[in-house]
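Chain residues, written in single-letter form:
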Amino acid sequence: MSHYEEAELYPLLPSQLGVLLESIKDSQLTRYNLPCITRLDKDINIERLIEVIHILSTAHKEWHTKFVLTNDGIRQYSDKEMEIVVKRHVMSDDEAENYAYGNFIRPFDVMGGQPLVRWEIIEGEKHNYVLHDFHHSIADGITYSPVLTREFSDIFNRRQTESNQASLGDNPSQAPILQHPSPNTPSYGMYEYANDCSKLIGTKAYHDAKKFYHDNFCDTEFITLSQTASNQAGNLLRCSEFIPHDTVEQWCTEHATSSNLLFMAAFTLVAGRLARNEKFGYVALNHGRLDKRLANVYGMFVTSAVMSADITSTQTVLDFIKAGRKQMMSVIRHRSCPFNEVFNDLSLEQYISFNFLAMEKVQEHVILDGRTFPVEQISRRQVSTDLNCDIYYTNNDFEIRCEGPDTRFTPAYLHMVGKAIATVIEHMMQQPDATLADISLLSDTQSQQLVTLGTGEILEYDASETWLSLFARQVEKTPDAIAVVDHCSQMTYRELDEASSAYAETITPNTFVCIEMPRVKEFIVAVVGIWKAHSAYVPINTEFPEERKQFIREECDGQPLPDTQHPSPNTQHPFTIKPPFLGIAGFCKMQ
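In what follows, the accompanying structure is described. Remember, it's a predicted structure, so these values are computed and weren't measured experimentally.

**Regarding the packing of helix α7 (residues 245-254) against helix α8 (residues 259-275)**
In a pair of packed helices, the angle between the axes and the distance between the axes together describe the arrangement.
Part 1 of the reasoning: Interaxial distance between α7 and α8 falls to 9 Å at its minimum, and their mutual angle equals 100°. Classified by the angle their axes make, α7 and α8 are roughly perpendicular. For the pair α7 and α8, contact is made by V248, E249, W251 and C252 and by S259, L262 and F263, respectively.

Written out as structure tokens, the structure reads:
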């Protein structure tokens, strides 16, 4: 802090400021850590690894960034006296893995003046490990891949070559300390770009951009795909699906479009179907390096663009993709207004997001001594975001990576979303002139499995009878047989019949009745009672966000369910229905 009066201070990029303010608000936040682990062979020279880290630290001023609060707000500068220390440990391989995925990931004190970069090296039993972590306020995904991974590889191998040449001298056991081969450090970087961006504030382009977002998004509903109403932080879950890269690129070339637009179209179609919403907003993340001078520099340049989807069932696949491109270009033309201001103006806190990172130049590995070692991103421990979909280029495939906290999503749900996006892309490529109504989220195999599952056992019964009359006959035949079981207790057919009849007296006939219950036997009592009252029921998932529940109630003009005693909505134990009661579309098997 004592050096900043003598240093040149720079403003923050909007993306930096948003990340920084959240980190200040929650000092224990690890959402904006970017931790990675690289597992190396034991014979990779550790001293040379540390030397490479010091070379990079000296070359890149962004590693020494400090944030200070001034009369003009938060500013940043590079503290030349800041030391980046490389910690060394000796552990077993199991201890190293546990440490990397545990205590290594810890919060940064963003305003405390300490480095926002961590490097640690672990000497294990069968492997050596390199761990590094950057705070997102000074680095983004491209910073570490390909900028960092490529530079690290180049310098390590160059130092190795120079050392080998030096060791061929008269005294090979004492190879001289060679001059550091510094990377080509760009003169225009994060600080300079932030300075240029700040000059746009208050200009005509700035005000035009603010008006554009207000006019186009002020009434837009930004949907959630969360399985619960919780916004508590949880452990990050990640599920991936893969599609052949060359197949997609060839199709895009033949149809005069690009892979990022195809993936974005598939993402919005899947999101709309899952949220049961045809018009909605979401956020598209961008690497923010449209300025070519930023292609190979360190820093945080990610920008967030608010987007809106308008899914019309009669629109063709190609027209839907073109519509996405048109809107994306409009957003890019109006990027003069910082997106954190846009988010504040729109009161955006939770939203689903899409991020296309599938550039061929991404290098998620280092090459040391002619060997390739993957650089693996470590899941940040606590996040509170909605669903995020990232597209990567991995081993000649497009990787569809769906992420979200375990407080809001299950692995099965995230896998389902990723599979649906992959399936929609395949269907779009197969039927580019088809309407969106003809594009299914299910593969042919899944569709057949669903048909088989829904068919169940074919039972013979009198088709002239109603479900209720069949149920009444079964009650008369086996009144004491168990009909419904949940985690608390069970009900016989007689008890179910009596309870549902009593419940029917509380229902207004010929209405829609909303049922918001967990999976308990009282749900079945309510369903049968509503049917007996000549009404229809509308199920509402107890874990839906309140906005979605209210939307369902208003759409069906549903009446609230009369009070009944049932277990807490937090109950996770499922009930089971025993024959002959097989559910709302079931048949009665006469016993």
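**Some details on the sheet that holds strand β18 (residues 536-539)**
Part 1 of the reasoning: Pairing is parallel across the open sheet formed by three strands, whose spatial order is β18-β17-β19. The two strands at the open ends of the sheet, each matched to only one other strand, are β18 and β19 (559-560).
Part 2 of the reasoning: Note that strand β17 (residues 512-515) and β18 share four bridges and pair parallel. In the strand pairing of β18, C514 is matched with V538.

**Concerning helix α6 (residues 204-217)**
Part 1 of the reasoning: Taking 1.5 Å per residue, 14 residues should reach 20 Å; α6 reaches 20 Å between its end C-alpha atoms and fits that length.
Part 2 of the reasoning: Of all the positions in α6, only Y206, A209, F212, Y213 and F217 are classed as buried. Axial view of α6: buried residues confined to an arc of 120°, hence all on one face. What points out from α6, more than 90 degrees from its buried face, is the exposed set K204 and K211.
Part 3 of the reasoning: Residues of α6 that are buried make contact with β9 (303-310), α9 (317-333) and α10 (339-345).

**Quick word on the packing of α8 against α9**
Part 1 of the reasoning: α9 packs onto α8 with a crossing angle of 105° between their chain directions and a minimal axis gap of 9 Å. Viewed along their axes, α8 and α9 adopt a mutual orientation that is roughly perpendicular. Facing L261, L262, M264, A265, T268 and L269 of α8, the residues of α9 in contact are F320, I321, G324, R325 and M328.
Part 2 of the reasoning: Looking at side-chain class alone, the contact of α8 with α9 contains eight nonpolar, two polar and one charged residues.

What counts, and where the lines are drawn
- Residues numbered from 1 in each chain as written.
- Predicted model: local features only at pLDDT ≥ 70, side-chain atom pairs only at ≥ 80, totals over all residues.
- Heavy atoms only, no water.
- Axes fitted to C-alpha atoms, helices over the stretch in contact; angles between N-to-C directions.
- Helix = DSSP H or I, 4+ residues; strand = E, 2+ residues; numbered from the N terminus.
- Parallel < 35°, antiparallel > 145°, perpendicular 65-115°, else oblique.
- Contact = heavy atoms within 4.5 Å.
- Pairing = 2+ DSSP bridges.
- Expected span 1.5 Å × (residues − 1).
- Buried < 20%, exposed > 50% of the residue type's maximum accessible area, 1.4 Å probe, protein only.
- Arc of directions from axis to C-beta.
- Nonpolar A, V, L, I, M, F, W, Y, C, P; charged D, E, K, R; others polar.

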